[in-house]
Amino acid sequence: MVAYLFEGSFKKQAKFLQFARQLKEPEPTTTLTFEILPNDCLLQHVKNMGVSLLCLPCQRSPKISRPNWTQNNHAIKCLLIDTNIVRILHETMAQYTMYPTNSEYIKVAKALIFRYPFLKDMEGNGYNTWHMSLKRRFKAERTPLVHHEVVPNMKQKFGHHRSPQAPENNQGSITTSDRRSSDIISVSGEDESSIGAHTQVLKRQYLKTQPDSCIVTNAMTKTFQWRRKEVAEGVRADAIANKYPFLKTPAGLCEEMNRIHNIENLQHRFREEFLLILPKVLALARGKSPLEKIYLQAREESLSEDLPAMDFKAGLVLLPIIFKEKVEHHVTLEEPGTPYPTTQLTHTNWKSAFTRRGPSVVKTDGFELCRASDLEEGVIAAFCAYFVFNMAYPPNRKNTLTFVQRCILKISEEGDKPLSTTVIRILNQLY
């Protein structure tokens, strides 16, 4: 019977048998008590569909003692997710239609968080992750129903008909960001002659072993408006960096970021905020990448005093993994295959990258932008480069960079889109 249900997929057959065994032999510590909810305000939100949220777990078995359910929202949410709330909602809704409307999805998601407020998302409208989970559940359940007369008709009517596209070229041009910046609207008090004089001062100071910080700050501040105007007009990043050479240093990129968004001590703020979530980042990345195994092996061989620095570096490297993005799009040991800012380590292998402190290089648009003293400084410099040179986040690294911007550094811009469902899901688990 199982082979007939899951024809051609041994993996699905094994998962189904494992799931069936768990249902036959439930562990005492996971016993749940179910009851039907009363017809109160919950039904008023979803009466248009006739959907009642039945069988939602309302009471935990007394075999597990907890001091207060409301004191650990994260633990409660994980527990309820384990009971397959989405599956229960889908089964109830599917009794009425396999194609709920968007408003019906929203009504059910709102009703759920209204009845259980601790299930709200950390960001956004509070129900977006439940909304998207329900839609994906219905989509997945409809996929095998190829012989159901309604499904092909709906696919023909509402399905996406994609035209063939050329494969993406990693060496292609950089997409300019459409982020609004009020500092590039007007340039006052400077012209090409005065800007040329300031840039000559900057170049002379850059050649010195110990540049005068006051002179450099003054010249960079006076040329800031003009520089932002050049960036907005599409001048290449290498031309901007060569004209204003202190943008080829990590400190210079951080200071420029401060001029754009008024963020002082950016590296210190990044470290403080990232340390708060570091244990959970490492926990979420567990078992999801070969790099994590290399890190754990190196950690076992290291001294206890070296572990904090090693954990921090591992968190930076593994952060993209929890957003289902590739590490090499952010940090790599080899030559980057993309024009977007990427941190290249100088280590020969990942084990030494985790255990030893070494310089890193930030490369963008085919040239070496700056050299950093370590991995952390390189990652921050690469992030700043997106704003300094007005680059849009590429799709294959957008979730990680958006998380760093909005959740770690708390940078918001006018016109920012709401956080994606993927970012909100991870945010719910980290905070």
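Per an unreviewed UniProt entry, the protein goes by Sterile alpha motif domain-containing protein 3-like isoform X2 and derives from Gymnodraco acuticeps.

K.L.:
Is there a simple way to explain the sheet that holds strand 5 (residues 360-364) in this structure?
P.N.:
Pairing between the strands of a sheet comes from backbone hydrogen bonds, and it takes one of two forms, parallel or antiparallel. Strand order in the open sheet made by the 4 strands is 3-4-5-6, with mixed pairing throughout. Of all strands in the sheet, those with a lone pairing partner are strand 3 (331-332) and strand 6 (367-372), marking the two edges. The pairing of strand 4 (residues 342-345) with strand 5 spans 4 bridges and is antiparallel. Across the sheet, the residue bridging to Gln 344 is Val 361, located in strand 5.

K.L.:
Is there a simple way to explain the pattern of salt bridges in this structure?
P.N.:
If the charged atoms of two oppositely charged side chains come close together, the side chains can form a pair. According to the stated counting rule, one finds 14 salt bridges in the structure shown. In this structure, Glu 335 engages Lys 363 in a salt bridge whose closest nitrogen and oxygen atoms are separated by 2.8 Å. Of this pair, Glu 335 sits in the loop between strand 3 and strand 4 while Lys 363 sits in strand 5, and the two are 28 residues apart along the sequence. By relative accessible area, Glu 335 is classed as exposed at 56%. Using a relative accessible area of 18% as the deciding quantity, one classes Lys 363 as buried. A single network of salt bridges, built from pairs that share partners, joins Arg 227, Glu 256 and Arg 259.

Thresholds applied
- Within each chain, residue numbers correspond to sequence positions counted from 1 in written order.
- In keeping with the predicted nature of the model, local features appear solely for residues at pLDDT of at least 70, side-chain atom pairs appear and are counted solely at 80 or more, and the whole-chain, interface and lining totals rest on all residues.
- Hydrogens and water molecules were not included; the side-chain quantities draw on all heavy atoms of the structure.
- By the convention used here, strands pair only if DSSP detects at least 2 bridges between them.
- Secondary structure is summarised from DSSP: a helix means a run of H or I of at least four residues, a strand means a run of E of at least two, and numbering begins at the N terminus for each.
- Here a salt bridge means any side-chain nitrogen of Lys or Arg lying within 4 Å of a carboxyl oxygen belonging to Asp or Glu.
- Only protein chains enter the accessibility calculation, which uses a 1.4 Å probe; a residue whose area is less than 20% of its type maximum is buried, one above 50% is exposed, and one in between is partly exposed.

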